Amino acid sequence: MSAIGDGRSMPTGAGLFDLPPELAIDTDVARRVIAEFVRGQLRQAGFERAIVGLSGGIDSALVAYLVAEAIGAERLLCLMLPYRTSASSSRTDAETVVERLGCAGELVEISPMVDAYFGRPDTGLVGAAGPEGLTASAVRRGNVMARIRMTVLYDRSVTWGGLVVGTSNKTEALIGYTTIFGDAASALNPIGDLYKSQVRQVAAAIGVPETIIRKAPSADLWPGQTDETEAGFSYPELDRLLFWLVDRRRSVEELEAKGFAPGLVQWALKAIAGSEFKRQVAPIAKLGPRTAGVDYLYPRRRPGSART
Amino acid sequence: MQPLRIALAQTAPRLGLLDENLASHHALIGQARAGGAGLVVFPELGLTGYLLQDLAAEVAMRLDDPRLLELAAATASDGPAGLSAIVSFVEESADHRLFIAVALLEDGRVRHVQRKLFLPTYGLFDERRFFAAGDLLRATPSRLGVGVGLTVCEDFWHLGVPQLLALDGAQLLVNVSSSPGRDLAALNEIGLGTATSWRMLLRTYAQLTTSFVVFVNRVGVDESISFWGGSEVIGPNGEAVFSAPLYDEGLYFVDVDLGDVRRERIALPLLRDERLELAVRELNRIVSERAGQADDSTSEPGAEPGLDVAAR
């Protein structure tokens, strides 16, 4: 932290990460708003507990910390859902979060579920998808893993009696780096309006372990995978671009004048438009006098909607 | 000295639950009275919650609704100490339009109703889809001994509103709000862009109208939206008398001296010096020009009717 004129301190990444100045937020206010949001959503839905899938990465770690801050760690269940090839460090980091928070934590290996569908390429065992499943692409396998994890989370939400809290951040939601009905699914999302750089800022403020803040973001679908090498961007630069494009409504010409690489700008525009379907509820063919989402418009948490 | 104790009810209304909100209003009116307040102010749609959408018709009240009259009855004076209450709800008119309304309740009755004039329908707001806009703006006399001007949230983002109310006799301008907090920032006064903007305009209006400004904003959460509270009382010199904390629900008591209005208006006679006839003349000219009924002698070639500068 470096001091500025009025005595308040200018937030920086403090050496942990690169924080573009225009993205810096007051983390105290953010934490306060999010805590009220989590409590309000749960209360309106008639729940007191929450469940979070911990990957070992920063997004889900931060969500676990925020939920624990909002409702108390004793009301939080963290599920660790590794596949055979998931990095062992991911599991260690997730376990650290559970230990530090003192919340309930459970391990559910998803390997049998995934293998039962795709089969085992290493042994030749054919799964429910048939022989073709043995050669499924990494994207297909990753999507199925994300959806199986969400299947488990929603099932355990019944036995735990808590809502599933989402862990998608604004950056990945905007570029569509999510699996629809997989990691993008949730009952409520406290960090969906925070860019990755802001996730890091709040994570540092709330005390997420430094090893988790420092490590390169990864979907952990194959050994050594990272978001930034896979997609060819750096999060601070992409976050800045998205901030000026989306939040500050700058045109392509204005973005290029600001120094953003034309290739990155075009890539982002295409990624955003191409993933619009992931951010919205599926359209219903309009036939009757009142149609949900079109001209039948009620708040999700309307009177009578709470679980009793 | 004209002392007045104002109670700011920075509440978190329950969305769509009119009966629960009525009960909490009755309880808070009781607390305000017990605390010696002469005026208690509730936030915009404090009786219904904000993000109603199609629920609006289901929680609407006519002005003769027994539940509203019962709430008004709670302001009946028992002994010398009276209490005025400013509450907000969905009003259904005789021709079944729905308005966001704010009402001054005192002496056991509904003294004055002001319908929200400006319905934001942009960005995160969708009010015009569900509500009708009011057409009348009036300051009202009050048992408090000063004129009161009632406004609802967005009404205060239109410069003419506080000025018209002050010119119509208001010395106490009240804005009730359901302002969604947004635009988190690191380096402004309080870390929230919305709060910074509001604070600036509340102080400016108080100073320029040489009036007290009372701002009551709700807290709590409707769907994605968090309301930031931060209710305030600003003196007629533009300085804050009281600022409630952001996001904390509570009933906050503030003591003011209404005599400050006279002192400020003597020292700074801005209202005395207003040129109403000038404003009316120029407004009429602009209206005529925009309607294409008069030539604009100062406009550039190519400018839209009523606008002096051409698009570039």
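Positions within a chain are numbered from 1, following the residues in the order the chain's sequence is written. Numbering of ligands from 1 and lettering of chains from A proceed in the order in which they are written. Local features in this predicted model are restricted to residues of pLDDT 70 or higher, and side-chain atom pairs are both shown and tallied only at a pLDDT of 80 or more, whereas totals for entire chains, interfaces and linings draw on every residue. Hydrogens are left out, water is left out, and the side-chain values use all remaining heavy atoms of the structure.

**Details of the interface of chain B and chain A**
- Between two residues, a contact is recorded if the distance between any of their heavy atoms is within 4.5 Å. With 29 residues of chain B at the interface, the matching set in chain A holds 29 residues.
- Buried area is understood as the total, over both parts, of accessible area removed when two parts are fitted together, assessed with a 1.4 Å probe. Both faces considered, chain B and chain A share a buried interface measuring about 2300 Å² in area, 54% of it formed by carbon and sulfur atoms.
- Contact with chain A buries surface across chain B, with L184, E223 and Y247 of chain B losing the most and accounting together for 26% of the total.
- The term salt bridge refers to a pairing of a side-chain nitrogen on Lys or Arg with a carboxyl oxygen on Asp or Glu at a separation within 4 Å. In this assembly, chain B and chain A are joined by four salt bridges.
- Notably, a salt bridge pairs R32 of chain A with D248 of chain B, separated by 2.6 Å at the nearest N-O pair.
- Any pair of nitrogen or oxygen atoms within 3.5 Å is treated as a polar contact; in protein, a donor-acceptor pairing is required on top of that, and neighbouring residues in sequence qualify only through side-chain atoms on both sides. If you look at where chain B meets chain A, you find ten residue pairs in polar contact (both at pLDDT 80 or more).
- Within the side of chain B that touches chain A, the residues separate by chemical class into 15 nonpolar, six polar and eight charged. Amino acids outside the nonpolar list (Ala, Val, Leu, Ile, Met, Phe, Trp, Tyr, Cys, Pro) and the charged list (Asp, Glu, Lys, Arg) are all regarded as polar, and Gly is one of them.

**Structural notes on the sheet that holds strand β12 (residues 240–243) of chain B**
Residue and element names in this part refer to chain B.
- Any two strands with at least two DSSP-identified bridges between them are counted as paired. Each helix is a run of DSSP H or I of at least 4 residues and each strand a run of E of at least 2, with the numbering of both proceeding from the N terminus. The strand order β6-β7-β8-β11-β12 describes an open sheet built from five strands, whose pairing is mixed. Edge strands, defined here as strands with exactly one partner in the open sheet, are β6 (147–152) and β12. For this sheet, the mean angle separating the axes of adjacent strands, direction not counted, is 10 degrees.
- Inspection of the sheet shows strand β7 (residues 170–177) paired to strand β8 (residues 212–217) by six bridges, in the parallel sense. Each bridged residue has a counterpart across the sheet, and for L172 the counterpart in β8 is F212.
- Helix-sheet contacts for helix α6 (residues 193–209) involve β7, β8, β11 (232–234) and β12, and the interaxial angle to β11 is about 30 degrees. Helix axes use the C-alpha atoms of the stretch in contact, all axes being lines fitted to C-alpha atoms, and the angles between their N-to-C directions lie in the range 0 to 180 degrees.

**Structural notes on the packing of aromatic side chains**
- Two aromatic rings, drawn from Phe, Tyr or Trp (for Trp, its six-membered ring), form a pair once their centres lie within 6.5 Å of each other, and the interplanar angle then sorts them: stacked below 30 degrees, edge-to-face above 60, tilted otherwise. Under the definition given, this model contains twelve aromatic pairs over all chains.
- For the pair F233 of chain A and Y235 of chain A, a centre-to-centre distance of 5.1 Å together with 75 degrees between the ring planes defines the contact as edge-to-face.
- The buried category is assigned to F233 of chain A, whose relative accessible area is 7%.
- Where F156 of chain B meets Y205 of chain B, the ring centres are 4.9 Å apart and the plane angle is 85 degrees; that geometry is what we call edge-to-face. Of this pair, F156 of chain B sits in the loop between β6 and α5 (160–167) while Y205 of chain B sits in helix α6, and the two are 49 residues apart along the sequence. Burial classification: accessible surface area is computed with a 1.4 Å probe over protein chains only, and a residue below 20% of its type maximum counts as buried, one above 50% as exposed, and the rest as partly exposed.

**Concerning the sheet that holds strand β2 (residues 39–41) of chain B**
Residues and elements named next belong to chain B.
- Strand order across the open sheet formed by six strands is β5-β4-β3-β2-β1-β13, with mixed pairing between neighbours. The open sheet has two free edges, formed respectively by β5 (109–115) and β13 (250–257), since each of these has just one partner strand. Within this sheet the neighbouring strands show an average axis-to-axis angle of 30 degrees, counted without direction.
- Against the sheet, helix α1 (residues 18–34) contacts β1 (3–10), β2, β3 (84–92) and β13, and its axis sits at roughly 40 degrees relative to β13.
- Strand contacts of helix α3 (residues 66–73): β3, β4 (98–106) and β5, with the helix running at about 120 degrees to β5, the strand carrying the most contacts.

**Observations regarding the pairing of strand β4 (residues 76–80) of chain A**
Residue and element names in this part refer to chain A.
- Here β4 lies mainly inside the structure; five of its five residues are buried.
- Alternating positions in β4 separate into two faces, L76, C78 and M80 on one and L77 and L79 on the other, with burial throughout.
- Relative to β4, strand β3 (residues 49–54) runs parallel, the two being bridged by five bridges. Within β4, the residue paired with G53 across the bridge is L79.
- Handedness of a crossover is defined as follows: orient the strands so they point away from the viewer, and if the path from the first strand over the helix to the second runs clockwise, the crossover is right-handed. Since β3 and β4 lie parallel, the crossover through helix α2 (residues 58–71) that links them has a hand, and here it is right-handed.
- With four bridges joining them, β4 and strand β5 (residues 104–107) adopt parallel strand pairing. For L77, the partnering residue across the bridge sits in β5 and is A104.
- One crossover worth recording links β4 to the parallel β5 by way of helix α3 (residues 88–101), and it is right-handed.

**Quick notes on the environment of I71 of chain A**
- Residue placement: I71 of chain A occurs in helix α2.
- Not counting the four nearest positions on each side in its chain, I71 of chain A is found in contact with V38, R39, L42, E48, R49 and A50 of chain A.

**Side note on the side chain of D227 of chain A**
All names here are of chain A.
- Considering the arrangement of structural elements, one finds D227 in helix α9 (residues 227–231).
- In this structure D227 is buried but unpaired, with K196 as the nearest side chain of opposite charge at 4.9 Å.
- Polar side-chain contacts of D227 include one of 2.7 Å to the side chain of Y235.
- If sequence neighbours within four positions are ignored, D227 has contacts with Y177, P217, S218, A219, G232, F233 and Y235. The charge count treats Lys and Arg as positive and Asp and Glu as negative. His and the chain ends do not count.

**A few points about the packing of α2 of chain A against helix α7 (residues 196–206) of chain A**
Residue and element names in this part refer to chain A.
- As a packed pair, α2 and α7 sit with axes 10 Å apart at the nearest point and diverge in direction by 50 degrees. In this view, α2 runs oblique relative to α7, as classed from their interaxial angle. Taken as a pair, α2 and α7 cross one another with a handedness that is left-handed. Between α2, through I58, D59, L62, Y65, L66 and E69, and α7, the contact on the second element is made entirely by K196, V199, R200, V202, A203 and I206.
- In terms of residue class, the contact of α2 with α7 is made up of eight nonpolar, no polar and four charged. Any angle that falls under 35 degrees is termed roughly parallel, while one over 145 is termed roughly antiparallel, one within 65 to 115 roughly perpendicular, and all others oblique. For any helix crossing, the convention is left-handed if the near helix is rotated counterclockwise from the far helix by under a right angle, and right-handed if that rotation is clockwise.

**Examining the domain arrangement of chain B**
- Here the limits of each domain have been adopted from an automatic or database domain assignment. One can read the domain layout of chain B as domain 1 (3–270) and domain 2 (275–312).
- A separation of 35 Å is found between the C-alpha centroids of domain 1 of chain B and domain 2 of chain B.

**Observations regarding the environment of V174 of chain B**
Residue and element names in this part refer to chain B.
- Here V174 is to be found in strand β7.
- What makes V174 buried here is its relative accessible area of 1%.
- Sequence separation between V174 and V233 is 59 residues; the distance between their C-alpha atoms is 9.3 Å.
- If we skip the residues at most four places from it in the chain, V174 touches V41, I86, V148, G149, L150, T151 and V214.

**Quick notes on the environment of G191 of chain B**
- Looking at the element boundaries, G191 of chain B is found in the loop between β7 and α6.
- For G191 of chain B, a relative accessible area of 0% gives the class buried.
- Beyond its immediate sequence surroundings of up to four residues, G191 of chain B is in contact with D26 and V29 of chain A together with L184 and A185 of chain B.

**A few points about the nonpolar core**
- Note on terminology: a nonpolar core comprises buried Ala, Val, Leu, Ile, Met, Phe, Trp, Tyr and Cys residues joined through side-chain atoms within 4.5 Å. If you look at the biggest cluster of nonpolar residues, it comprises 70 residues, and the most contacted ones within it are V41, L52, I86, F131, L172, V174 and V214 of chain B.
- Among the elements that take part in this core, α6 of chain B stands out by supplying six residues, more than any other.
- If sequence neighbours within four positions are ignored, V41 of chain B has contacts with I6, A7, L8, A9, I86, V174, V176, V214 and V216 of chain B.
- V52, A61, V63 and I71 of chain A belong to the second largest nonpolar core, which has 50 residues in total.

**Here's the deal with the confidence of the model for chain A**
- Each residue gets a pLDDT score, which is the predictor's confidence in that residue and runs from 0 to 100. Here chain A shows a mean pLDDT of 92. Residues at 70 or above account for 96%.
- For residues 1–10 of chain A, every residue scores under 50 in pLDDT, and the model assigns this stretch 17 contacts once sequence neighbours within four places are set aside.

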